[in-house]
Amino acid sequence: MVSKKVLKNIGVFAMAVMLAAAPALAVSAGGSSQLLKSTTGSQDQGSTDPVTPSNPVSSGTKTTAPAPAPQVSNHVVVAGGGNKLVSTVEGVYTETVVDGVAVTTSKADVAAAFGAGEGAQIRLAVLNSSHGPAAEQCINDGLAGLAADNVNVVRGPAIDINAYLNGKKVIDIDNPVTVVVGVPESFRQAGYEYAVIRVQEGGRVSILTDKEPDSAIVAFDTTGFGVFVIVKAPAGSFDKYK
């Protein structure tokens, strides 16, 4: 005879399978929407592929390799009017597929978002994306979700933004910080607007909308880090995600 405990465990497993097979796109306030779970598997062997199962908690801190040394390169973004935006967060900025990346949130607010105490070190590593096939499938899921909403989206460059607090990798933070990315001239198009597809560990996919009308940049708020893909569509296409 099958015990009640075994039957209960079977029921829990069946429910988990049903939930994993039914991703949904949830629109939230603050210029983002999230695919609650990707249709892909949660494993990927790529070292920078953010699809390893995780159970984020406040500040999303996990042990990892030491944080990058404080150095900068592509940490300045030039807006359409010629205004230079310099990142407030130190780190390694070696991305070349976009025209620079800068965090414009004040240092004090960044520290608060990370839950960082006095003297804590916050670093970013911003690189051309080297995500693996599972994250790529998550990106495609995001593109498919936009297409299902009749958004005629065009995919652009992808970057990895990894964050570290006192040498430990951070996946999620308590409050949003603003990231500005310089849009390559070859990707700009009159009458179009931008958004960003963000993929994080656990196969989480979000749509982050642009805060600025400037065609030279895309500015968005994020409460987490991973793979970020710039996309564009005719003006007004992303209104429902704001």
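Note that the coordinates shown come from a computational prediction; the quantities given were computed from them, not determined experimentally.

1. Topic: the pairing of strand E15 (residues 226-234)
Where burial is concerned, most of E15 is hidden: eight out of the nine residues are buried. Sheet topology places strand E9 (residues 154-165) next to E15; six bridges connect them, and they run antiparallel. Along E15, the bridge assignment pairs valine 154 with lysine 232. Strand direction decides the pairing type here: strand E12 (residues 192-200) and E15, joined by eight bridges, are antiparallel. Residue valine 199 lies in a different strand from E15, and its bridge partner there is valine 227.

2. Focus: helix H2 (residues 107-114)
Listed in full, the buried residues belonging to H2 are Val110, Ala113 and Phe114. Looking straight down H2, one finds its buried side chains confined to an arc of 95°; they lie on one side. In this structure, the buried side of H2 is in contact with strand E7 (101-103), strand E8 (122-128), E9, strand E10 (168-170) and strand E11 (172-182). Remark: glycine 115 follows H2 within two positions and exhibits a positive phi of approximately 65°.

Scoring rules and cut-offs
- Residues numbered from 1 in each chain as written.
- Predicted model: local features only at pLDDT ≥ 70, side-chain atom pairs only at ≥ 80, totals over all residues.
- Heavy atoms only, no water.
- Buried < 20%, exposed > 50% of the residue type's maximum accessible area, 1.4 Å probe, protein only.
- Helix = DSSP H or I, 4+ residues; strand = E, 2+ residues; numbered from the N terminus.
- Pairing = 2+ DSSP bridges.
- Arc of directions from axis to C-beta.
- Contact = heavy atoms within 4.5 Å.

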